[in-house]
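# Examination of the molecular architecture
Each chain, written out:
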Amino acid sequence: MTEPAPQRHDDFPARILRSVDPQKPNLPAAPDDTLVLAIVPAASALAAARDAVRVFLRRLTVPEGAVCDVVLSLEEACKNAIRFSGSRCPIDVTVAADATDVSLEVRDHGVGFEPRPIDRAVPPDPLEIQGRGLFLMACLMDDVHVAYDRGTVVTMRKAMVP
């Protein structure tokens, strides 16, 4: 029996493409400053999504600190969608950058929820099992907005210039 060929680290686009919902028609190409992903709602798909966003932002010469903050916020929002949405539909992710900001939208197609206000000055209870993701996103990003629109939509903005 032959061993399968190991996946190369730079093979993430193929994994992302396999994560796209086969029921949806191909979307038109995004502008060069925008990345659009459809991620299977499974933890195993998150590494490919992180890699795709990291490579995309570095190609646009986004400062490394902002890249790290956006990638971690993406992961937290996607983990929330996987854990709480109850949807098996792909998680839609849009990342866009201009000269001053990176914007990130993570949209699931689940039941949604009404989040409590996030106070960056009051960390969540360390003994709670959950409840740190939105707080972390709020600390890392400059703006975080959570809304319900046929699923939960988390919209975030990171300024590239302090």
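Relevant structure appears above.
So, here is what we can say about the structure in this document.

Conventions used here
Residues numbered from 1 in each chain as written. Predicted model: local features only at pLDDT ≥ 70, side-chain atom pairs only at ≥ 80, totals over all residues. Heavy atoms only, no water. Helix = DSSP H or I, 4+ residues; strand = E, 2+ residues; numbered from the N terminus. Buried < 20%, exposed > 50% of the residue type's maximum accessible area, 1.4 Å probe, protein only. Expected span 1.5 Å × (residues − 1). Contact = heavy atoms within 4.5 Å. Salt bridge = Lys/Arg side-chain N within 4 Å of Asp/Glu carboxyl O.

Attention now moves to unusual backbone geometry. Residues other than glycine seldom take positive phi values, yet T61 does so here, at roughly 60°. Among the secondary structure elements, T61 is positioned in the loop between α2 (46-59) and α3 (64-84). At R150, a residue that is not glycine, the phi angle is positive and equals roughly 55°. Structurally, the position occupied by R150 is in the loop between β4 (143-148) and β5 (152-159). By relative accessible area, which is 65% here, R150 ends up exposed.

Moving on, we come to α3. With 21 residues, α3 ought to run about 30 Å at 1.5 Å a step, and its terminal C-alpha atoms sit 30 Å apart, in line with that. Along α3, the residues classified as buried are A66, V67, D69, V70, V71, S73, L74, E75, E76, A77, C78 and A81. Buried residues along α3 sit against β1 (34-39), α2, β2 (91-97), β3 (101-107), α4 (133-140) and β5. Looking at the residues trailing α3, positive phi occurs at G86, about 75°.

Turning our attention to the pattern of salt bridges. The tally for this structure, following the rule as stated, stands at ten salt bridges. Close ionic contact of D69 with K158 constitutes a salt bridge, the shortest N to O distance being 2.8 Å. Taken together, the positions of D69 in helix α3 and K158 in strand β5 put the pair 89 residues apart, joining distant regions of the chain. Its relative accessible area of 18% is what places D69 among the buried residues. One salt bridge connects K79 with E76, and the closest N-O pair in it is separated by 3.5 Å. Highlighted residues: K79 and E76, both in helix α3, separated by three residues, approximately one helical turn. Through salt bridges with shared partners, one network takes in E105, R107, D149 and R150.

Nothing here speaks to function; it is all geometry.
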